[in-house]
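Reading the structure
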Amino acid sequence: MKTTLTILGFLAVLPASVALADGDCFVPMADWQPRDAVARLAAQNGWTVRRIKIDDGCYEIDGRDADARRIEVTVHPATMEVIEVEYKDDDDD
């Protein structure tokens, strides 16, 4: 009985811990903003877009910021919230 309760307790907590550890954007495609909205977000922030792609369910912008530094920006596809801005060195090639 104790083993069954332990297993059930573990299974109840597991999905919550997996969801907290996962930074991916899992949103139904019907709820996504169009690619044009991502381009507008980039323009509003002064970013020059080289490429917009989908990575781990999120939009990802590859381009340059207003200071011409290479950036990789992760954007939530439904809310257009900027999740992460990563600056790249030009030596990464």
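Look up a bit, the structure's there.
Let me begin by describing the structure that accompanies this report. Predicted, not measured: the structure shown is a model, and the values here were computed from it.

**Focus: the packing of aromatic side chains**
Counted under the stated rule, the structure contains one aromatic pair. Each ring, one from W32 and one from Y59, has its centre 5.1 Å from the other, and the planes form 65 degrees; the classification is edge-to-face. With W32 in the loop between α1 (2-21) and α2 (35-44) and Y59 in strand β2 (residues 58-64), this residue pair connects regions lying 27 residues apart in the sequence. Like W32, the residue Y59 is buried in the burial classification.

**Notes on the side chain of E72**
Among the secondary structure elements, E72 is positioned in strand β3 (residues 70-75). Judged by its relative accessible area of 18%, E72 falls in the buried class. With residues up to four places along the chain from it excluded, the contact list for E72 reads E60, I61, D62, E84, V85, E86 and K88.

**Some details on the environment of W32**
Accessibility expressed as a relative area gives 14% for W32, which makes it buried. Engagement of the side chain of W32 in a polar contact is seen with the backbone oxygen of V27, the distance being 3.0 Å.

**As for the side chain of D62**
Along the chain, the position of D62 falls in strand β2. According to the relative accessible area criterion, D62 is buried, its value standing at 8%.

What counts, and at which threshold
Residues numbered from 1 in each chain as written. Predicted model: local features only at pLDDT ≥ 70, side-chain atom pairs only at ≥ 80, totals over all residues. Heavy atoms only, no water. Phe/Tyr/Trp six-rings, centres within 6.5 Å; stacked < 30°, edge-to-face > 60°. Helix = DSSP H or I, 4+ residues; strand = E, 2+ residues; numbered from the N terminus. Buried < 20%, exposed > 50% of the residue type's maximum accessible area, 1.4 Å probe, protein only. Contact = heavy atoms within 4.5 Å. Polar contact = N/O pair within 3.5 Å; in protein donor to acceptor, adjacent residues only side chain to side chain.

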